[in-house]
Amino acid sequence: PSAGTLCSYPLMHSLRQIAQWTGARSADAVLADIPVSELCTDSRSVARPEEALFVALQSEQRDGHRFVAHAYAKGIRAFLVRQDFSAEAFSEATF
């Protein structure tokens, strides 16, 4: 990506590996087979949404959780979040 974007690639790991490294927990049993080639904190700059992991960063200035719906609309289905999200609203997502 160009300077200033907040997505990085190439990367190829499984969502299960990333969950283990970060200590994340998921109710989704299919974590093992979801490939991740792009880490993203800005859904506007995602190149490969089908292989992107959206990381909802929180700071005093911004809360990435506000952009989960936008990331989902762009085709991202894997998310690293601290808040709970509705399974009905994001039926194809893995949190």
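Here's what I pulled together on the structure shown here. (Residues numbered from 1 in each chain as written. Predicted model: local features only at pLDDT ≥ 70, side-chain atom pairs only at ≥ 80, totals over all residues. Heavy atoms only, no water.)

### Focus: the overall build of the protein chain
1) Next: Within the protein chain, the regular secondary structure consists of two helices and six strands.
2) Next: Along the chain direction, N to C, the helices and strands of the protein chain fall in the order β-β-α-β-β-β-α-β.
3) Next: Here the protein chain, with 95 residues, has 33% of them falling under the buried criterion.
4) Next: Sequence separation of at least 24 residues holds for 46% of the intrachain contacts in the protein chain that already meet a minimum separation of 6.
5) Next: As displayed, the protein chain offers around 6100 Å² of accessible surface, 51% of which is attributable to carbon and sulfur atoms. (Helix = DSSP H or I, 4+ residues; strand = E, 2+ residues; numbered from the N terminus. Buried < 20%, exposed > 50% of the residue type's maximum accessible area, 1.4 Å probe, protein only. Contact = heavy atoms within 4.5 Å. Areas by Shrake-Rupley, 256 points an atom, 1.4 Å probe, with all protein chains shown as cover.)

### Some points on the pattern of salt bridges
Proximity of charged atoms lets side chains of opposite charge pair with each other.
1) Next: Considering all chains together, one arrives at two salt bridges under this definition.
2) Next: Here Asp42 makes a salt bridge to Arg44, at a shortest N to O gap of 2.7 Å.
3) Next: The exposure class assigned to Arg44 is exposed, which follows from its relative accessible area of 61%.
4) Next: Of the charged contacts, one joins Glu92 and Arg77 as a salt bridge, the two residues approaching to 3.2 Å between their closest N and O atoms. With Glu92 in the segment after strand 6 (78-80) and Arg77 in the loop between helix 2 (68-73) and strand 6, this residue pair connects regions lying 15 residues apart in the sequence. (Salt bridge = Lys/Arg side-chain N within 4 Å of Asp/Glu carboxyl O.)

### Remarks on the pairing of strand 5 (residues 52-55)
1) Next: Across the two faces of strand 5 the burial is the same, with Ala52 and Phe54 and Leu53 and Val55 all buried.
2) Next: In this structure, strand 5 lies alongside strand 6, joined through three bridges in parallel fashion. Bridged to Val55 within strand 6 is Leu80.
3) Next: Handedness of the crossover joining strand 5 and strand 6 through helix 2: right-handed. (Pairing = 2+ DSSP bridges. Right-handed = clockwise from strand over helix to strand, strands pointing away.)

### Some details on the nonpolar core
1) Next: Counting residues in hydrophobic clusters, the biggest one holds 12 residues: Cys40, Val46, Ala52, Phe54, Ala56, Val68, Ala71, Tyr72, Ile76, Phe79, Phe90 and Ala93.
2) Next: For this core, the secondary-structure elements that each account for two or more residues are strand 5 and helix 2.
3) Next: Take this core: its biggest share by element is three residues, from helix 2. (Core = buried A, V, L, I, M, F, W, Y, C linked by side-chain atoms within 4.5 Å.)

### Examining the packing of aromatic side chains
1) Next: In this structure the tally under the stated criterion is six aromatic pairs.
2) Next: Taking the centre distance of 5.9 Å and the plane angle of 80° together, the rings of Phe90 and Phe95 count as edge-to-face.
3) Next: For Phe90, a relative accessible area of 12% puts it in the buried group.
4) Next: When its relative accessible area of 24% is taken as the criterion, Phe95 is described as partly exposed.
5) Next: Taken together, the aromatic side chains of Phe54, Tyr72, Phe79, Phe85, Phe90 and Phe95 make up a single cluster linked through ring pairs.
6) Next: Against the face of Tyr72 rests Arg77, its NZ or CZ located 3.8 Å from the ring centre. (Phe/Tyr/Trp six-rings, centres within 6.5 Å; stacked < 30°, edge-to-face > 60°. Lys NZ or Arg CZ within 6 Å of the ring centre and 35° of its normal.)

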